[in-house]
Amino acid sequence: MKYVHYESSTGRVLGWYSEEIHGNNIPDPGVVVTSEAWEEAISLGLNHVNPGSGKLSLKDFRTPQEVVSTEKGAKQREIDRDFLDSSKSFLTQGIQIDSDPISILNLNLSLSMTKLHGEEVTFIRDTNNIPHQVSVQTLEQIVLDLWVHSQDVLERKWAAQDSLENASDIAQVRQVRY
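What counts and what doesn't
Throughout, a residue's number is its position along its own chain's written sequence, starting from 1. The model is predicted, so local features are restricted to residues of pLDDT at least 70 and side-chain atom pairs to those at 80 or more, both for listing and for counting; the totals for chains, interfaces and linings are taken over all residues. Water and hydrogen atoms play no part in the side-chain values, which are based on all heavy atoms of the structure. Three labels apply to residues, based on accessible area from a 1.4 Å probe with only protein chains included: buried if under 20% of the type maximum, exposed if over 50%, partly exposed otherwise in between. Secondary structure is summarised from DSSP: a helix means a run of H or I of at least four residues, a strand means a run of E of at least two, and numbering begins at the N terminus for each. Two strands form a pair only when DSSP identifies at least two bridges running between them. Aromatic rings from Phe, Tyr and Trp, taking only the six-membered ring of Trp, are treated as a pair when their centres fall within 6.5 Å; an angle between ring planes under 30 degrees marks them as stacked, one over 60 as edge-to-face, and anything in between as tilted. Here, over-ring charges are defined by two tests on the NZ atom of lysine or the CZ atom of arginine: distance to the ring centre within 6 Å, and angle to the ring normal within 35 degrees. The term salt bridge refers to a pairing of a side-chain nitrogen on Lys or Arg with a carboxyl oxygen on Asp or Glu at a separation within 4 Å. Geometry is summarised by axes, namely lines fitted to C-alpha atoms with helices restricted to the contacting stretch, and by angles between N-to-C directions that run from 0 to 180 degrees. Contacts are residue-level and defined by heavy atoms, with any inter-residue pair within 4.5 Å sufficient. What pLDDT expresses is the predictor's confidence in each residue, scored from 0 to 100.

K.L.:
Before we move on, can you summarise the pairing of strand 7 (residues 95-98) with the specific residues and values?
P.N.:
With burial as the criterion, only one face of strand 7 is covered, namely that bearing I95 and I97; the residues Q96 and D98 on the opposite face remain uncovered. Examined bridge by bridge, strand 6 (residues 89-92) and strand 7 share 4 bridges and lie antiparallel to one another. Its bridge partner being in strand 7, S89 is matched across the sheet by D98. Once strand 6 ends, the chain turns through 2 residues before running back antiparallel as strand 7, passing Q93 with a positive phi of about 55 degrees.

K.L.:
Account for the packing of aromatic side chains, with residues named and values stated.
P.N.:
The tally for this structure, following the rule as stated, stands at 0 aromatic pairs. The ring of W38 has K2 sitting right over it, with the charged end atom 3.9 Å from the ring centre. A cation over a ring is seen here: K157 above F83, with NZ or CZ 4.4 Å from the ring centre.

K.L.:
How would you summarise the pattern of salt bridges if you had to cite specific residues and measurements?
P.N.:
A pair can form between side chains of opposite charge whenever their charged atoms are brought close. Counted by the stated rule, this structure contains 8 salt bridges. As a salt-bridge pair, R62 and D60 come within 2.7 Å of each other at their nearest N and O atoms. Judged by its relative accessible area of 36%, R62 falls in the partly exposed class. Taking the relative accessible area as the measure of exposure, D60 reaches 44% and is therefore partly exposed. K157 serves as the salt-bridge partner of D80, at 3.8 Å between the closest nitrogen and oxygen. Placement of D80 in helix 3 (residues 64-86) and of K157 in helix 5 (residues 136-166) is noted, with a sequence separation of 77 residues between them.

K.L.:
Quick one: what's the story with the sheet that holds strand 3 (residues 30-33), residue by residue and with numbers?
P.N.:
Read across the sheet, 3 strands follow the order 2-1-3 without closing on themselves; strand pairing throughout is antiparallel. In the strand order of this sheet, the two ends are held by strand 2 (13-18) and strand 3, each with one partner. Ignoring which end each strand starts from, the neighbouring axes of this sheet average 25 degrees apart. When strand 1 (residues 2-6) meets strand 2, the two strands line up antiparallel, connected through 5 bridges. If you follow K2 over to strand 2, its bridge partner there is S18. Those strands touched by helix 2 (residues 35-44) are strand 1, strand 2 and strand 3, and its axis lies near 135 degrees from that of strand 2.

K.L.:
Requested: an account of the confidence of the model for the protein chain, with residues and values cited.
P.N.:
The predicted model of the protein chain averages 94 in pLDDT, with 100% of residues at 70 or higher. Per-element confidence in the protein chain is highest for strand 9 (residues 131-135), whose mean pLDDT is 97, and lowest for strand 6, whose mean pLDDT is 91.

K.L.:
If you had to explain the pairing of strand 9 to someone new, which residues and values would you point to?
P.N.:
Across 5 bridges, strand 8 (residues 121-125) lies against strand 9 in antiparallel orientation. Residue pairing for strand 9: R125 is matched across the bridge by P131.

Written out as structure tokens, the structure reads:
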């Protein structure tokens, strides 16, 4: 025979037992279940038993605080993913520009070197590595637009993180948007 040992106050499954394996060493309380139900419950990870009917089910035993904490973690990963997606590149002056830290540094260096050498135009590469000839004034605007874009992306991330930190229930967590 097969048995499920459970916590009497909650019905939480504490262990699965078989007379073939455990002999008479089966703790109380326990409920007799069919071999099929026993195998199905183990394979599906069912963790709750109704002692009256012997019906096995899956139940979330986490506290509300644990559920909110888990949801916050998932939402933070979503915010991080959306932040990375929105901060990869942006369109300015008709050119799709990478906006990662290395690209920001490269554009600033290109601007500084172009000015240092007294040149009026220079070449920059877009997201697809295609070169574009731009004037110093256009490059200055691209650099400014890049800084504004980067600040906007960060401020949206910070606002979402603040909202998430202040969320106290599942509904509030799910309302947080990047």
